Amino acid sequence: EAFQVKIPSQPELFEEHYRSFFIRNLHESVQYGLLSKNLLEFDLQKIADALEPDRDHLITYLGMQTLYDRYFLHIEKRRVEVPQYFWMRVAMGLAINEKEKEKRAIEFYNILSTLRYVSSTPTLFNAGTNHPQLSSCYLSTVKDDLYNIFKVYSDNAQLSKWAGGIGNDWTNVRATGAYIHGTNGSSQGVIPFLKINNDVAVAVNQGGKRKGAICSYLEIWHLDVEEFLELRKNTGDERRRTHDMNTASWIPDLFMKRIQENKDWTLFSPNEVPDLHDLYGKAFELKYEEYENLIASGHIKRWKKISAKDLWRKMITMLFETGHPWITFKDPCNIRSPQDHVGVVHNSNLCTEITLNNSEDETAVCNLGSLNLAQHADENGNLDEKRLAHSIRVAMRMLDNVVDINFYPTKETKTSNLQHRPVGLGIMGFQDLLYIKNLNFDSKEAVNFSDEMMEFISYHAILSSTELAKERGAYPSFEGSKWDRGIFPVDTIDLLEKERGQTTGVSKSEKMDWSPVRLAVKQYGMRNSNCMAIAPTATISNIAGCIPCIEPIYKNLYVKSNMGGEFVIINTSLVHDLKKIGLWSSEMCRKLKASDGSIQRILEVPENIRAKYKEVFEIPVRYFIEHAAVRGKWIDQSQSVNIFYRGTSGKDISEVYEMAWEKGLKTTYYLRTLGATQVEKSTISEKGTHKRETFTEEEASSPSGKTIDAVMCSILNGPDCEACQ
């Protein structure tokens with residue numbers, strides 16, 4: 001479609017046409033208004049000569065379909081990009097302000113097209129366009145003021161239009177029944193406003209490319225919090241439900257301590273306790289207890305006492321039933337923030353990995369991209385540290401460039417991003433790397449590797465930001481920051497423990513010599529206030545052909561549905577290992593399908609392979625916390641930590657989240673539980689159309705239709721697979 005001509009079969013002519021049509025399509029896209037005319041300032045022949053068409057083969061079918069459906073530019077539905085055009089367009093868009101444009105664009109292209117690093121979806125959508133909104137996440141706080149509330153709705157619509165994910169802090173809005181001086185009336189509370197926020201997310205769906213996405217945060221002392229917990233329920237008054245908007249609880253340490261001590265918790269209306277919103281740690285505890293003491297004197301008009309354990313139990317129940325609100329922790333986010341000198345972190349973002357301060361004048365912005373660890377293993381299965389360090393350095397430059405190139409939908413976003421220049425370098429393909437290294441996710445060795453791997457990434461991300469500061473200058477609000485005071489992420493574990501008065505149990509040991517990095521920061525400063533954040537990477541992992549972010553594999557075999565259709569996903573690493581020991585056959589295909597991808601009950605598979613290829617719900621839940629805790633000590637923002645739990649025990653779930661808090665995690669993401677029914681199986685009909693249905697083992701082996709066994713074999717072994725004959 002991109003060429004609309006018959007491509008010659010001779011390889012040398014193909015290369016010539018491939019490069020010439022890149023230039024032609026670029027001109028056409030500029031003329032049509034899809035791309036910025038600034039791209040024509042590059043030496044296009046030099047850029048075209050750097051294209052590597054063979055790298056198309058690095059992309060899986062699912063990855064290609066994802067790119068085709070959602071990312072490639074099109075003119076009246078005719079695609080004018082193919083994979084290498086796409087990667088180069090993104091690279092050029094990110095190099096547009098560089099002095100050596102062609103050199104940097106090719107450098108960026110070589111990292112992107114080899115799938116060593118993939119920028120976030122907004123960057124991939126919009127790089128090089130006339131509206132280069134490249135940033136991923138926006139965090140705002142809402143004032144207790146009708147004008148500001150509706151301004152936030154408008155801001156959310158603008159940010160969502162350009163593919164941004166949004167986190168709003170609603171804690172300031174007064175509770176139900178609170179007095180309104182201007183009208184001499186009573187407030188309806190925060191819930192009706194959240195309903196409108198939900199509808200904004202639905203109405204503005206990011207240009208038809210993906211749904212609008214907003215997460216609303218509320219501190220756990222807010223008097224409306226019990227209704228807030230029920231926003232995602234499928235029963236009750238629909239006018240007080242938000243089925244399309246995510247929610248998250250913003251929890252101070254004092255609440256967790258009250259749970260452990262089996263004490264009461266007091267709910268307030270924020271208009272009567274206005275300073276609690278900006279306080280954290282010991283300062284929050286003192287002020288909160290002061291307000292509790294004022295109740296008896298009548299100075300506090302609206303309040304409610306409730307058992308902390310009862311409220312926690314309701315939070316866990318709603319989390320289990322609806323997946324919301326997510327559990328996030330106010331004090332670790334603030335105590336460990338590098339930017340504690342310029343403001344307060346009031347909330348996280350849509351996916352709970354961003355922890356940046358915001359205010360009425362500043363909507364925090366973060367710019368994301370993820371390293372693909374699966375592309376950084378050497379021939380012996382170890383991390384290729386030289387390759388990884390180079391990828392980090394190039395990725396950090398690309399991320400920093402986003403800040404200056406970015407199209408800012410609101411003035412508050414521009415103010416914040418240019419002042420602090422935060423970026424979030426993340427990772428994906430962690431489980432792929434564990435497979436290569438023959439490490440089981442649920443092992444101490446894997447947890448130790450998480451620690452060492454994240455230390456290496458942190459070391460080089462911080463060093464790269466310092467190198468950029470040497471070249472370009474430190475970010476404007478650097479002076480007075482933790483970086484300026486010589487406090488690195490690993491050092492903030494001590495600060496958190498001292499503030500809490502209890503240990504996290506996380507080792508502060510270092511494997512690397514950090515003295516050169518500390519010296520460089522002292523000498524040159526930092527280019528970016530924040531460097532690291534681990535995002536979910538769902539879609540870009542499809543493009544990169546790896547397992548998302550920091551998670552184990554969901555299932556060894558399943559059907560994935562998205563905008564492009566339905567796709568059979570199989571764990572090719574498992575198939576490879578089974579082939580090596582002669583166990584891959586049509587019979588093994590059938591058993592794998594019949595067991596919904598799990599190999600734990602296929603006893604002819606050796607125990608070591610069964611242990612290696614546990615699915616996510618077969619892994620003890622504490623390991624998700626253990627991995628996150630050791631990674632977290634090196635990260636200056638946070639991580640999207642999903643909790644996968646196979647069971648129904650509220651006590652177990654409670655203990656998991658209490659462990660997350662004790663270990664110092666800043667945030668958690670979804671609680672994912674395993675349904676009581678079996679996972680849906682799949683067939684493909686003889687006519688070749690995808691059809692999903694449930695069926696028995698006997699039906700699966702029937703010759704009446706082309707089963708998933710045959711699909712798997714044809715994918716992995718080609719159409720002439722002996723096992724299918």
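The numbering scheme is per chain: residues are counted from 1 as the chain's sequence reads. Predicted model: local features are reported for residues with pLDDT of at least 70 only, side-chain atom pairs are reported and counted for 80 or more only, and whole-chain, interface and lining totals are derived from all residues. Processing note: side-chain calculations cover all non-hydrogen atoms of the structure and skip hydrogens and water entirely.

Asker: Go over the state of the cysteines, please, and point to the residues and values.
Answerer: Disulfides are covalent bonds that connect the sulfur atoms of two cysteines. When two cysteine sulfur atoms lie within 2.5 Å, the pair is treated as a disulfide. All told, the structure shown has zero disulfides when counted by the stated rule. Looking at Cys 137, it has no disulfide partner, and the nearest cysteine sulfur is the one in Cys 366, 6.1 Å off. The exposure class assigned to Cys 137 is buried, which follows from its relative accessible area of 4%. For Cys 215, which is in no disulfide, the shortest distance to another cysteine sulfur is to Cys 351 and amounts to 8.7 Å. Only protein chains enter the accessibility calculation, which uses a 1.4 Å probe. A residue is then buried if its area is under 20% of the maximum for its type, exposed if over 50%, and partly exposed in between. What makes Cys 215 buried here is its relative accessible area of 0%.

Asker: Lay out the side chain of Arg 631 in plain terms, naming residues and giving numbers.
Answerer: Residue position: Arg 631 is located in helix α24 (residues 622–632). The side chain of Arg 631 is buried and forms no salt bridge, while Glu 551, the nearest opposite charge, is found at 8.7 Å. Pairs of residues are marked as contacts when any of their non-hydrogen atoms sit within 4.5 Å. Among residues more than four places away in sequence, those in contact with Arg 631 are Ser 450, Met 454, Ile 534, Ile 550 and Gln 639. Strands are runs of DSSP state E lasting at least two residues, helices are runs of H or I lasting at least four, and both sets are numbered from the N terminus onward. Only four residue types enter the charge count, namely Lys and Arg as positive and Asp and Glu as negative; His and the chain termini do not. Salt bridges, as used here, are contacts in which a Lys or Arg side-chain nitrogen is within 4 Å of a carboxyl oxygen on Asp or Glu.

Asker: So what's going on with empty space enclosed by the protein? Which residues, and what values?
Answerer: One water molecule sets the probe size; rolling that probe over the atoms shows where empty space is left. The definitions used throughout rest on a 1 Å grid laid over the protein atoms alone, on which a cavity is an enclosed set of points accommodating a 1.4 Å probe that cannot get out and a pocket is an open set flanked by protein within 12 Å on both sides along at least five of seven lines; lining residues are those having an atom within 4 Å of a point. Grid points are joined across faces, edges and corners, and a volume is the space filled by probe spheres set on the points. Counted under the stated rule, the structure contains 10 cavities of 30 Å³ or more. In this structure, the largest cavity occupies an estimated 120 Å³ of space. Every residue lining the largest cavity is counted, 15 residues in all, and those nearest its centre are Ser 140, Val 152, Asp 155, Glu 360 and Thr 363. Among the elements that line the lining of the largest cavity, the one with the most residues is helix α7 (residues 146–161), at six residues.

Asker: Kindly report on the environment of Glu 510, identifying the contributing residues and their values.
Answerer: Its place among the elements puts Glu 510 in the loop between α18 (492–500) and α19 (515–524). With 59 residues separating them in the primary sequence, Glu 510 and Asp 451 have C-alpha atoms 9.2 Å apart. Aside from chain neighbours lying at most four places away, what touches Glu 510 is Glu 455, Val 490, Arg 518 and Trp 634.

Asker: I'd love a proper account of the packing of aromatic side chains, names of residues and values included.
Answerer: Pairs were defined over the aromatic rings of Phe, Tyr and Trp, the Trp ring being its six-membered one, requiring ring centres within 6.5 Å. Orientation was assigned from the angle between planes: stacked under 30 degrees, edge-to-face over 60, tilted for the rest. For the structure shown, the criterion picks out 32 aromatic pairs. Between Phe 22 and Tyr 85, the ring centres sit 5.2 Å apart and the planes meet at 65 degrees, which makes this aromatic pair edge-to-face. Of the two residues, Phe 22 is situated in helix α1 (residues 11–31) and Tyr 85 in helix α4 (residues 83–94); the sequence distance between them amounts to 63 residues. Comparing Phe 22 with Tyr 85 shows no difference in burial state: the two are buried. Here the aromatic rings of Phe 150 and Tyr 153 are separated by 4.9 Å at their centres, their planes lie at 85 degrees, and the arrangement is edge-to-face. Taken together, the positions of Phe 150 and Tyr 153, both in helix α7 and three residues apart, correspond to about one turn of that helix. For Tyr 153, a relative accessible area of 5% corresponds to the buried category. Members of the aromatic cluster, joined through ring pairs, are Phe 255, Trp 265, Phe 268, Phe 284, Tyr 288, Tyr 291 and Trp 312. The rule is short: NZ of Lys or CZ of Arg within 6 Å of the ring centre and within 35 degrees of the ring normal puts a charge over the ring. One Lys or Arg, Arg 79, reaches over the ring of Tyr 68 and ends 4.1 Å from the middle of that ring.

Asker: How would you explain the pairing of strand β6 (residues 176–180) if you had to name every residue and give the values?
Answerer: At least two bridges found by DSSP between two strands are what make those strands a pair. The pairing of β6 with strand β7 (residues 185–188) spans three bridges and is antiparallel. Within β7, the position partnered with Tyr 179 by the bridge is Ser 186. Taken together, β6 and the strand that follows it, β7, pair antiparallel across an intervening segment of four residues, in which Asn 184 is found at a positive phi of about 60 degrees.

Asker: Can you lay out the nonpolar core for me, pointing to particular residues and giving the numbers?
Answerer: Note that soluble globular proteins tend to have their nonpolar side chains buried in a common cluster. Core analysis: the biggest nonpolar cluster contains 176 residues, and Phe 255 and Trp 265 have the highest contact counts within it. Considering every element that reaches this core, the biggest residue donor is helix α17 (residues 444–472), with 11 residues. Aside from chain neighbours lying at most four places away, what touches Trp 265 is Ile 220, Trp 221, Pro 252, Leu 254, Phe 255, Arg 258, Tyr 288, Lys 304, Lys 305, Ile 306, Ala 308 and Leu 311. Formed by 18 residues, the second largest nonpolar core is a distinct cluster that contains Val 575, Leu 578, Met 588 and Cys 589. By nonpolar core we mean a set of buried residues, namely Ala, Val, Leu, Ile, Met, Phe, Trp, Tyr and Cys, connected to one another through side-chain atoms within 4.5 Å.

Asker: I'd like to hear about a nonpolar patch on the surface, residue by residue, with values.
Answerer: For patch detection, residues must exceed 30% relative accessible area and be free of salt bridges, and they are connected within 9 Å for like charges or within 5 Å for nonpolar side chains (Val, Leu, Ile, Met, Phe, Trp, Tyr). For the accessible areas, the method is Shrake-Rupley and the probe is 1.4 Å, while residue cover comes only from the protein chains on display. On the surface, Leu 146, Phe 150 and Ile 196 cluster together into a nonpolar patch covering about 280 Å² of accessible area. Structurally, Leu 146 can be placed in helix α7. Since its relative accessible area comes to 54%, Leu 146 is described here as exposed.

Asker: Describe the confidence of the model for the protein chain, listing the residues and the values that go with them.
Answerer: A residue-level look at the protein chain finds 90% of positions with pLDDT of 70 or above and a mean pLDDT of 89. pLDDT runs from 0 to 100 and stands for how confident the predictor is about each residue. Confidence drops under pLDDT 50 across residues 1–5; counting only partners more than four residues distant or on other chains, this segment forms 17 contacts. Predicted confidence is poor over residues 682–725, with pLDDT under 50, and the contacts of this stretch with residues over four places away or in other chains come to 69 contacts.

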